[in-house]
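# Commentary on secondary and tertiary structure
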Amino acid sequence: MVVYKLHYFNLTGLGEPIRFLFHYGGIDFEDVRYEMNEWVDLKKKFPLGQLPVLEIDDKEHVQSMAICRYLAKQVGLAGDSDLENMEIDAVVDTFNDIRLKISTVMWEQNQEVKKEKQKILHEQQIPFYFKKLDEYAEANNGHFACKKLTWADLYIASWSKYFSYAIKEVFNDYENYPNIKKVVDNVLAIENIKKWVETRPDTFC
Ligand SMILES: N[C@@H](CCC(=O)N[C@@H](CS)C(=O)NCC(=O)O)C(=O)O
């Protein structure tokens with residue numbers, strides 16, 4: 001039996017899409033979590049000095065997107081063709097473009113800069129990207145790509161807790177983005193995912 005060990009921080013972030021994929025597929029894995037204050041000493045122990053890292057039978061693998069694509073194939077949530085995989089990758093990359101902007105603002109320490117960035121985020125960047133993603137969800141019968149459940153749906157849904165902290169003003173009602181909300185709600189209602197979300201460690205984001 002393959003032994004999986006996921007190393008990530010004690011929050012959702014880039015670890016959560018991987019956890020969602022493991023739980024969706026009913027695959028056992030060890031969910032190793034680190035606190036931020038341990039990180040200075042631990043950083044040098046990992047290949048790129050960053051997390052997540054997935055150990056598969058004692059070999060370390062880096063880069064969350066590569067890990068997600070690998071697991072998506074294992075659990076049957078990859079595309080059925082190169083074209084489908086490109087469609088899935090494109091929507092996930094688009095989501096990550098805005099996700100990264102949201103994260104950058106969330107972790108900004110300079111309050112002046114943060115305020116300025118927040119304004120651009122809320123007035124321009126979120127409306128632009130979320131409207132696009134909402135259109136994808138509408139055009140794909142309640143999914144983000146390929147008119148079927150793929151890892152793009154799980155990926156985006158896995159960020160909901162993080163977003164409910166980082167951009168609660170937008171995320172709590174999703175009024176302007178009903179198609180995104182529908183996909184996210186449907187993923188969160190999948191039995192294995194629901195069970196995981198109900199029982200996962202309670203972290204701030
Ligand atoms: N491209 C990498 C980015 C990983 C990354 O940015 N990880 C952050 C946490 S979300 C990290 O390890 N930060 C601590 C550091 O860089 O020291 C991936 O997708 O895995």
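Keep in mind that this is a model prediction, so the values were computed, not measured.

### So, the overall build of the chain
Counting secondary structure elements, the chain contains 10 helices and 4 strands. A principal-axis box enclosing the C-alpha atoms of the chain has dimensions of 45 × 45 × 30 Å. For the chain, the proportion of its 205 residues judged to be buried stands at 47%. Contacts in the chain between residues at least 24 apart in sequence constitute 70% of all its contacts with a sequence separation of at least 6. When the accessible area of the chain is evaluated, it comes to approximately 11000 Å², of which 50% is carbon and sulfur surface. Charge centroids of the chain, computed over 26 positive and 33 negative side chains, lie 2 Å from each other.

### Observations concerning the UniProt feature "domain: GST N-terminal" (unreviewed entry) in the chain
The UniProt record annotates "domain: GST N-terminal" (unreviewed entry) at residues 2–79. The span residues 2–79 shows a helical share of 33% and a strand share of 24%, and its end C-alpha atoms are spaced 23 Å apart.

### What to know about the sheet that holds strand S4 (residues 59–62)
Ordered by their spatial adjacency, 4 strands build an open sheet running S2-S1-S3-S4, and the pairing between neighbours is mixed. Taken across any chain shown, the strands that pair with only one partner, and hence form the sheet edges, are strand S2 (30–34) and S4. The average angle at which neighbouring strand axes cross in this sheet is 25°, direction not considered. Summarising the sheet, strand S3 (residues 53–56) and S4 pair through 4 bridges and their orientation is antiparallel. Bridging from a neighbouring strand, Val-53 pairs with Val-62 of S4. Sheet strands touched by helix H1 (residues 16–25): strand S1 (4–9), S2 and S3. Its angle to S1, the strand with the most contacts, is close to 150°.

### Let's talk about the site of the ligand
Taken together, Tyr-8, Phe-9, Leu-14, Trp-39, Lys-43, Gly-49, Gln-50, Leu-51, Pro-52, Gln-63 and Ser-64 make up all the residues around the ligand. Calculation on the ligand without its partners gives an accessible area of 510 Å², and the protein chains cover 67% of this total. Its residues assigned to classes, the shell around the ligand shows 6 nonpolar, 4 polar and 1 charged.

### A closer look at the confidence of the model for the chain
Summing up the model confidence of the chain, the mean pLDDT is 96 and the portion of residues at 70 or higher is 100%. Confidence metrics for the complex model read pTM 0.97 and ipTM 0.99.

Reading guide: rules and limits
- Residues numbered from 1 in each chain as written.
- Predicted model: local features only at pLDDT ≥ 70, side-chain atom pairs only at ≥ 80, totals over all residues.
- Heavy atoms only, no water.
- Helix = DSSP H or I, 4+ residues; strand = E, 2+ residues; numbered from the N terminus.
- Buried < 20%, exposed > 50% of the residue type's maximum accessible area, 1.4 Å probe, protein only.
- Contact = heavy atoms within 4.5 Å.
- Areas by Shrake-Rupley, 256 points an atom, 1.4 Å probe, with all protein chains shown as cover.
- Lys, Arg positive; Asp, Glu negative; His and termini not counted.
- Charge placed at Lys NZ, Arg CZ, Asp CG, Glu CD.
- UniProt positions renumbered as here; feature names shortened; annotations may be inferred.
- Pairing = 2+ DSSP bridges.
- Axes fitted to C-alpha atoms, helices over the stretch in contact; angles between N-to-C directions.
- Near = heavy atom within 4 Å.
- Nonpolar A, V, L, I, M, F, W, Y, C, P; charged D, E, K, R; others polar.
- pLDDT = per-residue confidence, 0-100.

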